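# Secondary and tertiary structure notes
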Amino acid sequence: MECFFLETEFKLTRNFQNLNSNSINSQMGVEFFNNANSNIIVDDMQINKFFPNSLLKEYTNKVISKVKKNNDVDNIQIFISDEIQNVNVANQFFEERMWGRVKALISIKGRNFSITPQWNPFPNYCDWSNFDDLADEIIEHSLRVPTDLPSIEYESHNIPIVFVSPSSGVLLHEVFGHLLEADFFISSPFKDYYNNKIGSEELSIIDNGTLGLHCISKYDDEGTKLQETTLISKGVLKTPLVDKRFSTHLNVPLTGNGWKDLANGTVCPRMTTIYALPGDKKLDTLKNSIAEGLMVYSLQGGQVDVSTGNFTLYTEESYLINNGLLTHKVNPTIIYGNAVDALGNITGIGNDLKFTKMICGKMGQFMPVGIGGPSLLVEDLKIGRIVNGNNNSKSV
């Protein structure tokens, strides 16, 4: 069999699971592209870039043990996905890219939540200190989970919502970010606000491919160097995200956002890491300003109708606020509204910017992305099971 050589497009993946220290599994696979010889193997030099399974087992067991010593936790599951790609960039040169995500699912007295830190699980990017920080983050989060609150179904047609990170990052990505991708932008209501005010002067939204959260790379799939792009500056919509085709079509500079599925996909504008710049308000200040509203800690995703800007978001962990106090846990429900209206109704921006990761699907192509957000207070949103006027939503 031949040894691995650089001028071959491939994707090497691993999925590791530690289920409450009772069951540990790890699976690795390799996929080659462009009719590469199936007898080619990846050598130890490539495989050894993954964090060793033995250390993942040791460190994740230590995380679970530390958390359980400090909290009355029923169950902890830790999932690690990492990937090394060798990519032929625009048929010009090869680039090695790495991406990884750690996700913990925690259950406390029937209350479930998840945590995804921003770091990459590769030897050059993490060590025990990162896993120790993950344990501390789980402990901090679990201590603030109000397990004694009653659960309710909740509906409202005019309510303020505080989106706490990572839910604020999901809001930015799903609701605003996709409408700022040029192929969607040109048929969305956002196009009418090009170089005009669309939000408050406190709001600035950035896409930054240099942070390494979507993947560790230097170029997009068209060979454009990654960069930081200001999409909305002090409430004014400055530019959409473009690939080469839409850069020419809209006569705007390249932003380094031309991406596709490895080897087989079609290039289109995609976000890398989208986030809002932090404001000056503490989370408690935002919460205490609300007579009745919702505090959302995590979302299960969302979708937006490109032509209208109508959107839906699906809650995972959220609480009812009454006069600044959390009074009930709200069962998973739907948030819906309009993207243009929501941008204009962001009335509070926290000083607590945090980043995490997710997988984004668009037009049948899936890629990792980074998201970040300070806490965001958005007025006049709707909560409920029935989503009116959004039956033609496009899932992105």
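Refer to the preceding data block for the structure.
The notes below deal with the structure included here. (Residues numbered from 1 in each chain as written. Predicted model: local features only at pLDDT ≥ 70, side-chain atom pairs only at ≥ 80, totals over all residues. Heavy atoms only, no water.)

All right, on to helix 4 (residues 167–177) then. With respect to burial, helix 4 is a largely interior element, 11 of its 11 residues being buried. The complete set of buried residues in helix 4 reads Ser167, Ser168, Gly169, Val170, Leu171, Leu172, His173, Glu174, Val175, Phe176 and Gly177. (Buried < 20%, exposed > 50% of the residue type's maximum accessible area, 1.4 Å probe, protein only. Helix = DSSP H or I, 4+ residues; strand = E, 2+ residues; numbered from the N terminus.)

Reading across from one edge, 10-9-8-13-20-19 is the order of the six strands in this open sheet, with mixed pairing throughout. The sheet terminates laterally at strand 10 (236–237) and strand 19 (354–362), the two strands that pair on one side only. Of the strand pairs in this sheet, strand 9 (residues 228–233) and strand 10 are connected by two bridges, and their pairing is antiparallel. Each residue of the ladder has a partner; that of Ile232, found in strand 10, is Leu237. Its contacts with the sheet place helix 4 against strand 8 (205–208), strand 13 (273–276), strand 19 and strand 20 (365–373), and it is angled at close to 125° to strand 20. (Pairing = 2+ DSSP bridges. Contact = heavy atoms within 4.5 Å. Axes fitted to C-alpha atoms, helices over the stretch in contact; angles between N-to-C directions.)

Now for helix 2 (residues 53–70). An ideal rise of 1.5 Å per residue puts 26 Å on 18 residues; helix 2 measures up with 26 Å between its terminal C-alpha atoms. Where helix 2 is concerned, the buried positions are Leu56, Tyr59, Thr60, Val63, Ile64 and Val67. Axial view of helix 2: buried residues confined to an arc of 140°, hence all on one face. The outward face of helix 2, more than 90 degrees from its buried face, is lined by the exposed residues Ser54 and Lys69. For helix 2, the secondary structure elements touched by its buried residues are strand 1 (10–19), strand 3 (75–89) and helix 3 (128–144). (Expected span 1.5 Å × (residues − 1). Arc of directions from axis to C-beta.)

With that settled, consider the pattern of salt bridges. Within the structure shown, the criterion is met by 11 salt bridges. With a shortest N-O distance of 2.8 Å, Asp221 and Arg97 are connected by a salt bridge. Placement of Asp221 in the loop between strand 8 and strand 9 and of Arg97 in strand 4 (residues 93–108) is noted, with a sequence separation of 124 residues between them. Residue Asp221 shares its accessibility class with Arg97, and that shared class is buried. In this structure, Asp183 and Lys362 form a salt bridge, with 2.9 Å as the shortest nitrogen-oxygen distance. With a gap of 179 residues between them, Asp183 in helix 5 (residues 182–185) and Lys362 in strand 19 connect regions that are remote in the sequence. We note that Asp183, like Lys362, is buried. Each member of the salt-bridge network shares a partner with another, and the members are Lys66, Asp132 and Asp136. (Salt bridge = Lys/Arg side-chain N within 4 Å of Asp/Glu carboxyl O.)

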